[in-house]
Amino acid sequence: MSIRTEERHCETGTLGVITLDAPSRLNALNGEMVDAMAAALDQWRDNDAIALVVIRAAGDKGFCAGGDLRDIYEALQSSETAGIETARSYFGREYRLDYSLYRFPKPVICIAHGITMGGGLGILSACRYRLVTPDVRLATPEAAIGFFPEAGGSWFLNRLPEGIGLFMGLSGARLNATDALRLGLADRMIPAQATDSLLDQLQSQHWRGEAAADDNRLFRLLNSFEEPATENQPVSQLAALEGAISVACRQSSLPAIVSDLLRFEHHSQWWQDCKHQLKQASPLSLHLIHRQLESTRQKGLADRFAQELYVAEQCVRGKEFREGIRARLIDRDQSPKWQYTDIENVPPERVAAHFPDDDAVLETLRPDR
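This one's a predicted model, so the numbers in the text were calculated from it and none came from an experiment.

Procedures and definitions
- Residues numbered from 1 in each chain as written.
- Predicted model: local features only at pLDDT ≥ 70, side-chain atom pairs only at ≥ 80, totals over all residues.
- Heavy atoms only, no water.
- 1 Å grid on protein atoms, 1.4 Å probe; cavity = no way out; pocket = protein on both sides within 12 Å on 5 of 7 lines; lining within 4 Å.
- Points joined across faces, edges and corners; volume = space filled by probe spheres on them.
- Nonpolar A, V, L, I, M, F, W, Y, C, P; charged D, E, K, R; others polar.
- Helix = DSSP H or I, 4+ residues; strand = E, 2+ residues; numbered from the N terminus.
- Buried < 20%, exposed > 50% of the residue type's maximum accessible area, 1.4 Å probe, protein only.
- Salt bridge = Lys/Arg side-chain N within 4 Å of Asp/Glu carboxyl O.
- Core = buried A, V, L, I, M, F, W, Y, C linked by side-chain atoms within 4.5 Å.
- Contact = heavy atoms within 4.5 Å.
- Expected span 1.5 Å × (residues − 1).
- Polar contact = N/O pair within 3.5 Å; in protein donor to acceptor, adjacent residues only side chain to side chain.
- Pairing = 2+ DSSP bridges.
- Right-handed = clockwise from strand over helix to strand, strands pointing away.
- Phe/Tyr/Trp six-rings, centres within 6.5 Å; stacked < 30°, edge-to-face > 60°.

Colleague: Explain empty space enclosed by the protein here, please?
Modeller: Picture a little ball the size of a water molecule; that probe, rolled over the atoms, points out where space is still empty. Tallied over the entire structure, the rule returns one cavity of 30 Å³ or more. One number sums up the size of the largest cavity: a volume of about 30 Å³. If you trace the largest cavity, you find it lined by Gly146, Leu284, Cys315, Gly318, Lys319, Glu320, Phe321, Arg350 and His354. Split by residue class, the lining of the largest cavity holds three nonpolar, three polar and three charged.

Put into structure tokens, the structure is as follows:
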């Protein structure tokens, strides 16, 4: 199943623990894993004995690399109808899971380490307490596969400082733990080997089963938990560049934004990697990300997930997503042949076709329906 669930007895109350357990594929989420997580959360939501939930992952390399999209690609190879149905089912279930985490009535702690990208970042962002280890790498790299930052990206990217969420989506920038804390993508950094110690401390508590009281107790416990030594905390990669990124992303058009980002020079390897990824991204995806974040600024959480589901299906119907998966995940030649050579050549109507022209279309796609 690639998911382990446990119920650990505390001094009073019970702790629910979900462990992603597919380390050989960086705990990438498939439909079975999504369903197992959703079933556990549904059961624990209504179980008065469960006071709080912890989500973590097995393996040293990462918490979750995102969705395992090979099933969708293979279904598309069989027939477009099969691929679209597979995608609609998978993304619909994934977004309902994410939405349920945002709305979960009991405290949920996520402990993220190593590679935490795409759908993995979606899970982390949806949890009330977001803990990261010093080796965490957060990113929304979907433009590299002809897709867009989904699994709640419309929500958490738009809540970052001006321009930074758009930059993350366009460039696939990898943020370290210090950057995550700086931007508010994480709440606290804990030592890499501290997960078991934290679980022990959680089990040593008296949980009352009252959300407000348990939240208060948990908040105080986490604030008292030992942080990594200063020398073990990574230096911010973003701090020296945040101002320039913000200025560039305030430009009035996507071509102007991308031009300013590529033109800006900085000596760090991190910045060079960001620019390289931006150059290699799908031009269509860059437009989708720009419109996605602009169009959802005033939408509620459920409507943002509904729009993501609509856009995801349109991506799967097109050629760009298939080519990106082929080049990055299947053949691994890392040379996708995008439909458009640069962002100036992407027809506006091609971008618009990915988005609903009537908000009523989204009603049936909301995760709370």
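Don't stop here, the text continues.
Colleague: Please explain unusual backbone geometry as it appears in this structure.
Modeller: Even without being a glycine, leucine 26 presents a positive backbone phi close to 55°. Examined against the element boundaries, leucine 26 turns out to sit in the loop between β2 (14–20) and α1 (31–45). On the basis of relative accessibility, which here comes to 26%, the residue leucine 26 falls in the partly exposed class. Of note in this structure, asparagine 27 is not a glycine but carries a positive phi near 55°. Relative to the helices and strands, asparagine 27 is located in the loop between β2 and α1.

Colleague: Can you help me understand the pattern of salt bridges in this one?
Modeller: If charged atoms from side chains of opposite charge come close, those side chains can pair. Going through the model one piece at a time under the given rule, you end up with 26 salt bridges. Between arginine 93 and aspartate 35 there is a salt bridge, and its shortest N-O distance comes to 2.9 Å. A residue pair is termed long-range when its members are at least 10 positions apart, and arginine 93 in helix α3 (residues 80–102) and aspartate 35 in helix α1 qualify at 58 residues. The exposure class of arginine 93 is partly exposed, given its relative accessible area of 23%.

Colleague: Looking at this structure, how should I read the nonpolar core?
Modeller: A general trend in soluble globular proteins is that nonpolar side chains are found buried together. Within the largest apolar cluster, 98 residues are counted, with the highest numbers of intra-cluster contacts made by Ile55 and Phe91. Setting aside anything within four residues of it in sequence, one finds phenylalanine 91 in contact with Leu69, Ile72, Phe147, Glu150, Leu309, Ala312 and Val316. Core analysis: the next-biggest nonpolar cluster, separate from the first, contains 20 residues, Ala51, Leu131, Trp207 and Leu218 among them.

Colleague: How do you make sense of α1 when you look at a structure like this?
Modeller: Side chains that are three or four residues apart share a direction in an α-helix, a result of its 3.6 residues per turn. Spanning 15 residues, α1 covers 21 Å between terminal C-alpha atoms, matching the ideal 21 Å at 1.5 Å per step. When we look at burial in α1, the residues that qualify are Gly31, Met33, Val34, Ala36, Met37, Ala40, Leu41 and Trp44. Elements that come into contact with the buried residues of α1 comprise β1 (3–9), β2, β3 (50–57), α3 and α4 (119–126). One side-chain oxygen of the residue at the start of α1 lies 3.2 Å from the amide nitrogen of glutamate 32, identifying that residue as asparagine 30.

Colleague: Which parts of the structure should I look at to understand the pairing of strand β7 (residues 129–132)?
Modeller: Put simply, side chains in a regular strand alternate between the two faces of the sheet. Across the two faces of β7 the burial is the same, with Tyr129 and Leu131 and Arg130 and Val132 all buried. For strand β5 (residues 108–112) and β7, the ladder comprises four bridges, and the chain directions are parallel. Residue pairing for β7: isoleucine 111 is matched across the bridge by leucine 131. One ladder, built from two bridges, connects β7 with strand β9 (residues 188–189); its direction is parallel. Bridging across to β9, leucine 131 finds its partner in arginine 188.

Colleague: What exactly am I supposed to notice about the pairing of β2 here?
Modeller: The buried fraction of β2 amounts to seven of the seven residues, a majority that puts the element mostly inside the structure. Of the two faces of β2, both are covered, the one formed by Thr14, Gly16, Ile18 and Leu20 as well as the one formed by Leu15, Val17 and Thr19. Relative to β2, β1 runs antiparallel, the two sharing seven bridges. Note on β2: the bridge partner recorded for threonine 5 is isoleucine 18. Connecting β1 to the antiparallel partner β2 that follows it, the hairpin turn spans four residues, and glycine 13 within it adopts a positive phi of roughly 85°. As defined by bridge partners, β2 adjoins β3 across seven bridges and the pair is classed as parallel. When the bridges of β3 are listed, leucine 15 appears paired with leucine 52. Handedness of the crossover joining β2 and β3 through α1: right-handed.

Colleague: Just checking my understanding: could you explain the packing of aromatic side chains for this structure?
Modeller: Aromatic ring pairs are defined here through the distance separating the ring centres and the angle between the ring planes. With the rule as written, the count across this model stands at twelve aromatic pairs. Summarising the aromatic geometry, the rings of tyrosine 90 and phenylalanine 91 are spaced 5.3 Å apart at their centres and angled 65° between planes, so their arrangement reads as edge-to-face. Taken individually, tyrosine 90 and phenylalanine 91 each receive the classification buried, so the pair is uniform in this respect. What links up through ring pairs into an aromatic cluster is the set Tyr90, Phe91, Tyr95, Tyr99, Tyr102, Phe147, Phe148, Trp155, Phe305 and Phe321.

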